[in-house]
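Coordinate analysis (summary)
Chain residues, written in single-letter form:
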Number of protein chains: 2
Amino acid sequence: MNVWVTGANGFIGRHLVRVLADRGYRVHGIGHGAIGETERHRLGLEHWLNGEIDAANLNALAEHSGLPSAIFHLAGGSSVGLSIAQPFEDFSRTVASTARLLEWLRSAARDCRLIVVSSAAVYGADHEGPIGVDAATLPMSPYGQHKLMMEQLCRSYAVTFGLHSTVVRLFSVYGPNLRKQLPWDVCSRFQAGERNLMLGGTGAEVRDWTDVRDVARLLTEIDGKPQPETFQVINGGTGLGTTVATIAAILAKCWGGSISVQYSGIVRAGDPASLLSDDTTVRTLPFDWTIPVEQGLADYVSWFKDQIR
Amino acid sequence: MNVWVTGANGFIGRHLVRVLADRGYRVHGIGHGAIGETERHRLGLEHWLNGEIDAANLNALAEHSGLPSAIFHLAGGSSVGLSIAQPFEDFSRTVASTARLLEWLRSAARDCRLIVVSSAAVYGADHEGPIGVDAATLPMSPYGQHKLMMEQLCRSYAVTFGLHSTVVRLFSVYGPNLRKQLPWDVCSRFQAGERNLMLGGTGAEVRDWTDVRDVARLLTEIDGKPQPETFQVINGGTGLGTTVATIAAILAKCWGGSISVQYSGIVRAGDPASLLSDDTTVRTLPFDWTIPVEQGLADYVSWFKDQIR
C-alpha cells in the first residue's frame, strides 16, 4: 500500500512514518526540510520531496511514487506563538496548502482517502468538561482559526465533490523528539540546574495529554477502518484530563532529586482553563490508548536525558 | 476622505464607487479588469490599479494615493456555479486575497476600517423564516464556504490584532448592470421573444431582494457610523421576502404584453427554499431601504431595454 505523509519531517510526522513503515506501507513524504539518504532510510521513507504542497510537486511525487491510497495531511502551522508573530505564514502553511492539496486530489486522485491532522485549538477557550466534536468552535488564535478553515475546506470538498476526508483533532501531544511546550520547557530547566521552578498560570489548567506514539498508531488505524461518512471529525484525545501541576510533578519525580514547582497565577490571555476530549468518536472506532501519562513522561525524561548526552 | 474599493470593477463595486464619489470621497480602486481613462472618470474613480490584491500592489496604491481611512472589500468570487467549476480559483479570489489584504493592513494601516462584503450563502439551506446574524452557518457551496472563511479571517485579525472590520452579508442583490441571475435570465428570454416561460424550481422560493443602489448606500453609511465592536456582522437584507414567482410576475408586467410563467418543480440541489434576512442589525444602524421590489424591477426592465438598444 502506497501512502503519503505531508509534513513527514515534523514531530508527529516522523513518528507516523515509522509506524506506517513498520506495518508494511510504502511511505512517501512531502514537506519542508532537508532529509539526507541515511536519515530517510532510518525514518522509513521511500521517497522525500522537500518542497511546498502544490500541484507541480504533487504531480512530481505521483510520477515518482504512483498515486497514494491515502494521504496523511500533517503539514501546516504548528505553533500558536508563531501564528501570532506571522499570521500570514501560518495561513499559507495551513489553509492555502490544504486548498492546493484538495484541488489536486479532485483532479488527480478522487478516491484517495485524506486523513487530516487538526487541533483542539479549534474549540477555543470557553468549554467546561469533555468537549464533543459537535461543540461550538471559536478559536482564540490564528493557529486555531486556520486549522478550522482547513477543516472547512475538507468538508466543502466532501459535500460538493465527494472527496473523502477524516479530520482528527489532536489535543496535547507530547513524546520523544518534542522540543517545545511544557515537558520540554520543564526538562530544559531541570537540565539547566533549576530546582525551584516558577511556571506561568495556576497549575490547575487541565489538558488531555497524549503520547505521540499512541497518536501515530491512532492515525494509522483510522486509515484501516471503513469510513461511514464522506466527511468525519474525530477527537484525538483520551478523555482523561491531567493538570499542568500533575505533569510537572511527574516530570520532577522522573528527573529525580529535590525539585519544587510553583505557579505565578498569571494566566496567558486566551489560554483555556480546560481542553479535554470527549472520547466518544475515538472509542467507537474502536481505539485504545496504551500509554498513560506516567509512563509516557518517564519515557520522555529518558529520551531527554539521552539526547543531551 | 481617501477610501479604497477592492473589486471596484464589479456589479456592486461600480455602484458603490459612484455613491462614494457623489458624497465627496476620493475613491481609489484595485482589482481585476481594464478600465480606460474615460470610463474611470465616469465611474468616479480617482485611480484604478488593475491587479491582484497583494502587498506589492497595495503598497503601490498607497504610494500613489495615500493610506485610506476605509477599505470596502468587494473583491472575491461572485458565482456559486463558478465556485463549483473552479473551487480553487474561488478560494484564491475570496480567501487568499483577504488573507493578503488583512496582513497588509496589519503592517501598513492598522487604523483603517475594513468593510467586507459577504453573502447570505454562508447560512446554508436549512433555515426557516428570518435568519439572524447568530444563526448557524453551514454553507452548501464552495462559494458560501469561502465567504465564511473570509469572515473568519477578519474575526481572527480583529481578536488577535485589533483590526476593525464589519462584515455585511448581502442577500439577493439585483439592479442596473446585473447581467446574470433571475432578473437577467427572465428579461433575456422575454427579449428573445419567449412568451411562455418555464423556470426551474417551484416559484415559491423566498429571497430577500435588495436593489444595488440601496446596497451601495448601505455600505457607504456603515462607514459613516461609529463601530461599537472590533468585529461586527451585519445582515444586508430588508427583512421582506418575495417569491421567485412574484419577481417573475412583476418583471412580466413591467415588460408588457401577454406573458405566462410556469415552473418545472425541479429544485436544484442545495438551493435553499428560503433566504430571508432578520433585519435587526441593519435597522439598528439605523438604515432605511428606499427602493421596493416593484420600483427596483421596473427600473431594471427600463435599464435592460435601454442597454440592448
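All values derive from a computational prediction rather than experimental measurement. For every chain, the first residue of the written sequence is number 1, and numbering continues from 1 along that sequence. By the order in which they are written, chains take letters starting at A while ligands take numbers starting at 1. Reporting in this predicted model follows two pLDDT cut-offs: at least 70 for local features of residues, and 80 or more for side-chain atom pairs to be given and counted; totals over whole chains, interfaces and linings ignore these cut-offs and use all residues. For the side-chain quantities, the full set of heavy atoms in the structure was used; hydrogens and water were omitted.

**Some words on unusual backbone geometry**
Glycine aside, a negative phi is what most residues show, and trans is what most peptide bonds show. Residues and elements named next belong to chain A. Across the junction of Leu285 and Pro286, the peptide omega takes the value 0°, indicating a cis bond. Of note in the backbone geometry, Asn177 takes a positive phi value of approximately 85° without being a glycine. In this description a helix means any DSSP run of H or I spanning at least four residues, a strand means any run of E spanning at least two, and both kinds are numbered starting from the N terminus. Within the element layout of this structure, Asn177 appears in the loop between strand 8 (172–174) and helix 7 (181–191). With a phi angle near 70°, Gln181 is a residue other than glycine that sits in the positive phi range. Positionally, Gln181 belongs in helix 7. Only protein chains enter the accessibility calculation, which uses a 1.4 Å probe. A residue is then buried if its area is under 20% of the maximum for its type, exposed if over 50%, and partly exposed in between. The partly exposed category is assigned to Gln181, whose relative accessible area is 42%.

**With respect to helix 5 (residues 87–108) of chain B**
Given a helix with a known number of residues, its expected span is that number minus one, times 1.5 Å. Taking 1.5 Å as the rise per residue, helix 5 of chain B with 22 residues should run 32 Å; its terminal C-alpha atoms sit 30 Å apart, in good agreement. Burial runs high along helix 5 of chain B: 16 of the 22 residues are buried.

**Describing the relation of the copies chain B and chain A**
Expressed as a screw transformation, the operator carrying chain B onto chain A has a rotation angle of 180° and an axial translation of 0.0 Å, and the superposed copies differ by an RMSD of 0.0 Å. The two molecules are tied by a two-fold rotation axis, judged by turn and shift. Considering only C-alpha atoms, the residue of chain B closest to the rotation axis is Met149(B), which sits at 3.1 Å. Between two residues, a contact is recorded if the distance between any of their heavy atoms is within 4.5 Å. Both copies present the same face, since 100% of the interface residues in chain B are matched by interface residues at the equivalent positions in chain A. Our superposition of the copies is a least-squares fit, built on the C-alpha atoms of residues whose pLDDT is at least 70 in both.

**Here's the deal with the packing of aromatic side chains**
Each aromatic pair joins two rings of Phe, Tyr and Trp (for Trp, the six-membered one) with centres within 6.5 Å, and gets the label stacked for planes under 30 degrees apart, edge-to-face for over 60, and tilted for any other angle. Enumeration over the complete set of coordinates arrives at 24 aromatic pairs over all chains. Considering the side-chain rings of Phe287(B) and Trp289(B), the 5.1 Å spacing of their centres and the 90° angle between planes classify their relative orientation as edge-to-face. In terms of burial, Phe287(B) and Trp289(B) fall into one category: buried. Here the aromatic cluster, defined as three or more aromatic residues joined through ring pairs, consists of Trp184(A), Phe190(A), Trp255(A), Tyr300(A), Trp303(A) and Phe304(A). Residue placement shows Arg106(A) over the ring face of Phe161(A); its charged tip is 4.7 Å from the ring centre. The aromatic ring of Trp255(B) is capped on one face by Lys305(B), whose charged end is 4.6 Å from the ring centroid. In this scheme, Lys NZ or Arg CZ marks a charge over a ring once it lies within 6 Å of the ring centre and within 35 degrees of the ring normal.

**Notes on the UniProt feature "domain: NAD-dependent epimerase/dehydratase" (unreviewed entry) in chain A**
UniProt positions are given in the numbering used here, feature names are shortened, and annotations may be inferred rather than shown by experiment. Listed under "domain: NAD-dependent epimerase/dehydratase" (unreviewed entry) in the UniProt record, and renumbered for this structure, are residues 4–222 of chain A. Across residues 4–222 of chain A, helical content stands at 46% and strand content at 20%; the span's end C-alpha atoms are separated by 15 Å.

**Overview of the environment of Ile115(A)**
Residues and elements named next belong to chain A. Looking at where Ile115 falls in the secondary structure, it is placed in strand 5 (residues 113–119). Spatially, the C-alpha atoms of Ile115 and Leu138 are 23 Å apart, while their sequence positions differ by 23 residues. With residues up to four places along the chain from it excluded, the contact list for Ile115 reads Ile71, Phe72, His73, Thr166, Val168, Leu219, Ile222 and Asp223.

**Concerning the side chain of Thr6(B)**
Residues and elements named next belong to chain B. Checked against the element boundaries, Thr6 lands in strand 1 (residues 2–6). Classification of Thr6 by relative accessible area gives buried; the value is 1%. We define a polar contact as two N or O atoms separated by no more than 3.5 Å, with the added condition that, inside protein, one atom must be a possible hydrogen donor and the other a possible acceptor, whereas residues neighbouring each other in sequence contribute only through side-chain atom pairs. Within the structure, Thr6 has its side chain in polar contact with the side chain of His73 (distance 2.8 Å). A distance of 3.0 Å separates a polar atom in the side chain of Thr6 from the backbone nitrogen of Ala75. The contacts of Thr6, once residues within four sequence positions are left out, are Ile30, Ile53, Ile71, Phe72, His73, Leu74 and Ala75.

**A word on empty space enclosed by the protein**
All names here are of chain B. Using a 1 Å grid laid over the protein atoms alone, points where a 1.4 Å probe fits but cannot get out form a cavity; open sets with protein on both sides within 12 Å along at least 5 of 7 lines form a pocket; any residue with an atom within 4 Å of a point counts as lining. Grid points are joined across faces, edges and corners, and a volume is the space filled by probe spheres set on the points. On inspection of all chains with the given rule, the structure shows one cavity of 30 Å³ or more. The volume enclosed by the largest cavity comes to roughly 40 Å³. In this structure, the largest cavity is lined by Leu102, Leu105, Cys112, Leu114, Cys154, Leu163, His164 and Ser165. Within the lining of the largest cavity, the residues separate by chemical class into six nonpolar, two polar and no charged. Residues are grouped as follows: Ala, Val, Leu, Ile, Met, Phe, Trp, Tyr, Cys and Pro are nonpolar; Asp, Glu, Lys and Arg are charged; all remaining types, including Gly, are polar.

**A short note on the pattern of salt bridges**
Here, a salt bridge means any Lys or Arg side-chain nitrogen found within 4 Å of an Asp or Glu carboxyl oxygen. Inspection of the entire model under this criterion finds 36 salt bridges over all chains. A salt bridge links Glu151(B) to Arg169(B); the shortest N-O distance between them is 2.7 Å. In this pair, Glu151(B) is assigned in helix 6 (residues 142–161) and Arg169(B) in strand 7 (residues 165–170), connecting sequence segments 18 residues apart. Via salt bridges that share partners, Arg23(A), Asp214(A), Arg217(A) and Glu221(A) belong to a single interconnected network.

**Describing the packing of helix 3 (residues 55–65) of chain B against helix 5 of chain B**
Residues and elements named next belong to chain B. Where helices are involved, their axes are fitted lines through C-alpha atoms of the stretch in contact, as for all axes, and angles between N-to-C directions lie from 0 to 180°. Look at helix 3 against helix 5: their axes get within 9 Å of each other, and the N-to-C directions meet at 50°. Between helix 3 and helix 5, the angle is such that the two are oblique. Once helix 3 is placed against helix 5, the crossing between them reads as right-handed. Residues Ala55, Leu58, Asn59 and Ala62 of helix 3 lie in contact with helix 5, whose contacting residues are Arg100, Leu101 and Trp104. Considering only residue class, the contact of helix 3 with helix 5 consists of five nonpolar, one polar and one charged. Oblique is the label for any angle not under 35 degrees, not over 145, and not in the 65 to 115 range, which are roughly parallel, roughly antiparallel and roughly perpendicular in turn. In a left-handed crossing the near helix is turned counterclockwise from the far helix by less than a right angle, and in a right-handed crossing that turn is clockwise.

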